[in-house]
Amino acid sequence: ARVAQGTRLVVVLQVTEANPMLGQIMLVDRLPAGFEIDNPSLVASAQTSALRWLPPETVQPDYKAFRDDRFLAAYSRTTGARGTWQVAYMIRAVTPGRYVVPPATIEDMYRPERFARTAAGTLEIGAAR
């Protein structure tokens, strides 16, 4: 709920499919204002594989993008595939203030009835000391 400016955090999203089936899945996690993504292509210390407490990715995305305001990951799913997986990335608190945390969403690109989202929230970034 409250972090100091300059703090790095690891975002971990766990996806659970009640009935894994064939589909093209898109996960979108919009960042709260005041944060930016540490892109592992630009910052070597942003590689989540170096975090021993984090299990390795069991389901590999077909595509990952680290944008200014969101994280994107696309998955090709098959019937009977593993129903639970997680994805992680790093962010940094950069601008002090109070912000809304938008929900992460996941949806099947061709079956709009297959859709889920996390809860929204609020947080505060305090000034650096």
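The structure we're discussing is the one just above.
By convention here, each chain's residues receive numbers from 1 onward along its written sequence. The model is predicted, so local features are restricted to residues of pLDDT at least 70 and side-chain atom pairs to those at 80 or more, both for listing and for counting; the totals for chains, interfaces and linings are taken over all residues. Values shown for side chains rest on all heavy atoms present in the structure; no hydrogens or waters enter the calculation.

This part is about the pairing of strand S9 (residues 104-108). A 1.4 Å probe rolled over the protein chains alone gives each residue an accessible area, and that area as a share of the maximum for its type sets the label: buried under 20%, exposed over 50%, partly exposed in between. The way it works is that DSSP assigns letters per residue, a run of H or I at least four long becomes a helix, a run of E at least two long becomes a strand, and they are numbered from the N terminus. Taken across its five residues, S9 has four buried, putting it largely inside the fold. What makes two strands pair is DSSP finding at least two bridges between them. In terms of strand pairing, strand S3 (residues 23-30) meets S9 through five bridges, oriented antiparallel. Residue pairing in the sheet places Asp 29 in a bridge with Ala 104 of S9. The pairing of S9 with strand S10 (residues 115-117) spans three bridges and is classified as antiparallel. Following the sheet pairing, Glu 107 is matched in S10 by Phe 115.

Okay, the side chain of Asp 108 next. Examined against the element boundaries, Asp 108 turns out to sit in strand S9. Exposure remark for Asp 108: the relative accessible area of 2% places this residue in the buried category. Only 2.9 Å separates the side chain of Asp 108 from the backbone nitrogen of Tyr 110, close enough to count as a polar contact. Here a polar contact is taken to be a pair of N or O atoms separated by no more than 3.5 Å, where protein atoms must pair a possible hydrogen donor with a possible acceptor and residues adjacent in sequence count only if both atoms sit in side chains. A polar contact of 3.3 Å, which involves the side chain of Asp 108, links it to the backbone nitrogen of Arg 111.

Turning our eyes to something else, we now look at the pairing of strand S5 (residues 63-66). Here S5 pairs with strand S6 (residues 70-77) via four bridges, running antiparallel. Within the sheet, the bridge partner assigned to Tyr 63 lies in S6 and is Ala 74. With antiparallel pairing between neighbouring strands as the criterion, S5 and S6 make up a hairpin whose turn holds three residues.

As used here, the term nonpolar core means buried Ala, Val, Leu, Ile, Met, Phe, Trp, Tyr and Cys residues forming a set that is joined through side-chain atoms within 4.5 Å. Core analysis: the biggest nonpolar cluster contains 22 residues, and Leu 27, Phe 35, Phe 71, Tyr 75, Tyr 89 and Ile 91 have the highest contact counts within it. Sorting the residues of this core by element identifies strand S2 (8-16), S3, strand S4 (35-37), S6, strand S7 (84-93), S9 and strand S11 (121-126) as the ones contributing at least two each. Looking at this core, the element that brings in the most residues is S7, giving five residues. Those residues in contact with Leu 27 that sit more than four places away from it in its chain are Leu 13, Val 15, Phe 71, Leu 72, Ala 73, Val 87, Thr 105 and Ile 106. Residue contacts are counted whenever heavy atoms from the two residues lie within 4.5 Å of one another.

Moving on to the sheet that holds S4. Pairing within the open sheet is antiparallel, and its three strands lie in the order S2-S7-S4. The two strands at the open ends of the sheet, each matched to only one other strand, are S2 and S4. Strand-to-strand twist across the sheet, computed as the mean angle between neighbouring axes with direction ignored, equals 40°. Of the strand pairs in this sheet, S2 and S7 are connected by nine bridges, and their pairing is antiparallel. Looking at the pairing, Thr 16 lines up with Thr 84 of S7. Between N-to-C directions, angles span 0 to 180 degrees; the directions come from axes that are lines fitted to C-alpha atoms, helices contributing only their stretch in contact.

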